[in-house]
Amino acid sequence: MEPGLRPSSAFAACCAFLVLALFMSAARAEDIVVSAKIGGDSQRTRFVAFVSKAVEFRVFSMADPYRIVIDMPETDIQVPGGKGRGLILSSRSGLLAPGKSRIVIDLAAPALIEKAELLPPENDLPARLVIDLARTTHKTFLASVKAPPPAPKPEDEPQSAAAKPDAGDRRPLIVIDPGHGGIDAGAVGRVTNALEKDITFDFSKKLAAKLEATARYRILMTRTSDVFVSLDDRAAISVKEKADLLISIHADALDPKRLGVKALKEVRGGTIYTLSEEASDDQANVIAQNENKVDVQAGVANEQTAPVVSEEIASILNDLENRIKKNRSTAIAHYLIDHMKGKMKFNIRPQRSANFRVLKAHGVPAILIELGYLSNEDDEKLLISEEWRTTISSVLGEAINAFMSERQAHIPL
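In every chain, residue numbers begin from 1 and rise along the written sequence. Confidence filtering applies because this is a predicted model: local features only for residues at pLDDT of at least 70, side-chain atom pairs given and counted only at 80 or more, and all residues used for totals across whole chains, interfaces and linings. Each side-chain value is derived from all of the structure's non-hydrogen atoms; neither hydrogens nor water enter the calculation.

(A) Up close: helix α7 (residues 282-292). Here's how the labels work: a residue is buried when its accessible area is under 20% of the maximum for its type, exposed when over 50%, partly exposed in between, all with a 1.4 Å probe on protein chains only. For helices the rule is a DSSP run of H or I covering at least 4 residues; for strands it is a run of E covering at least 2, with both sets numbered from the N terminus onward. Considered for burial, the residues of α7 that qualify are Q283, A284, V286, I287, A288, E291 and N292. Polar contact is the term for a pair of N or O atoms within 3.5 Å; when the atoms are in protein, one must be able to donate a hydrogen and the other to accept it, and sequence-neighboring residues count only if both atoms are side-chain atoms. Where α7 starts, the residue carrying a side-chain oxygen 3.0 Å from the main-chain nitrogen of Q283 turns out to be D281.

Okay, structure coming up:
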């Protein structure tokens, strides 16, 4: 077999037809990946992305699981996600950080990058980014993997003036963490295909505005645009700024294959999670597993990149800080549920705990709020409602304000 992949004439014709059909839309904007096409089989597969003009790119492999990652300058990527073909299991794309976009290709089996090149426009066709893959062994794949570039740090993202904490301001600092973002879309609505990252971002902005309006708090959002921020960096932001509270906002989904349709209909309503080494129940464990793998989905290393505090300091303060943090986190979770009942639909077990990486901010009380579940049609109708998000963000803001006012002097920070 020749080292370069030679797609069939049928595949080439299909590519040409698709390019011609989409070329006009590509011409209306610069640096847009218009679409992508996959051809080949389980031994050799070609991934082709059609771009409106030549762009710089970088391609590398990642293991655990097998992935191919394509980085390029900030681009309005429109590569459709979903199932793949041959060696490609699925793909997704989006903004990784300001100035950088990413395509992540999940592999069905270990594969080597035989060729990665950008073909120039020709014969009325736009430029094409071509990636040829050939099946290999696990050992050979691992040998080909090089250290990926580090994930962009959150300080690289320009924060809005309102979001910047003033070091001289002694008001309590609340960090609001809109779950997911950029290439990490999060859960997807079963009916409307609404994206979790959009719901959490809009809700977080409304909650931030509500709390800022009290003039009693400094507010910092972990992201102020549709950009990816790693789980460790979200926690590190809270530690670095010495936050008084971290609130991570989510709207997850549960796998129908695992729970069944009947269970999906029953699992709905708001849930507030706190950090614990052992999950309080199976559902909490599933949600934590879903959330903890988002860095992998974005093509970022799966292990925690760095401790939030040094090992020496952690060994001295860990027990005391964790006890204080756990007590305060649990207290605010119960308080919010008690004060929001009747105004917000809650889960049958509204307070749960699990080992969420985003909540591992040493010394910072932290909660993760599932506004509802996009796997439940009734919850989905609420989550996509602008009116509902406005109302519930206001209710949550009032409850947070009441807790901070009543408990500030009684529970150690």
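So much for the structure itself; the text now carries on.
(B) Layout of helix α4 (residues 231-240). Most of α4 is tucked away, with 8 of its 10 residues classed as buried. The set of residues buried in α4 consists of L231, D232, D233, R234, A235, I237, S238 and V239. Where α4 is buried, its residues contact β10 (173-178), β11 (218-221), β12 (245-250), α7 and α8 (294-297). Looking one or two residues past α4, K242 carries a phi angle of roughly 55°, positive in sign. The contact rule is simple, with two residues in contact once any of their heavy atoms fall within 4.5 Å.

(C) Representation of unusual backbone geometry. Along the chain, D64 connects to P65 via a cis peptide bond; the corresponding omega equals 0°. By secondary structure assignment, the location of P65 is in the loop between β3 (58-62) and β4 (67-73). In the Ramachandran plot, D64 falls in the positive-phi region, its phi being about 55° despite a non-glycine side chain. Here D64 is to be found in the loop between β3 and β4. Residue D64 is classed as exposed on the basis of its relative accessible area of 60%.

(D) View of the packing of aromatic side chains. Geometry of aromatic contacts follows a simple scheme: Phe, Tyr and Trp rings, the Trp one being its six-membered ring, pair when their centres are within 6.5 Å, and the pair is stacked under 30 degrees between planes, edge-to-face over 60, tilted otherwise. This model, assessed by the stated rule, comprises 3 aromatic pairs. Between Y66 and F141, the ring centres sit 5.0 Å apart and the planes meet at 80°, which makes this aromatic pair edge-to-face. Of this pair, Y66 sits in the loop between β3 and β4 while F141 sits in helix α2 (residues 138-144), placing them 75 residues apart in sequence. Y66 sits in the partly exposed class, given a relative accessible area of 21%. Given the relative accessible area of 0%, F141 is considered buried. Ring geometry for Y335 against F403: centres 5.3 Å apart, planes inclined by 70°, an arrangement best described as edge-to-face. Taken as a pair, Y335 in helix α9 (residues 311-340) and F403 in helix α11 (residues 386-407) lie far apart in primary sequence, 68 residues in all. A single burial state applies to Y335 and to F403, both of which are buried.

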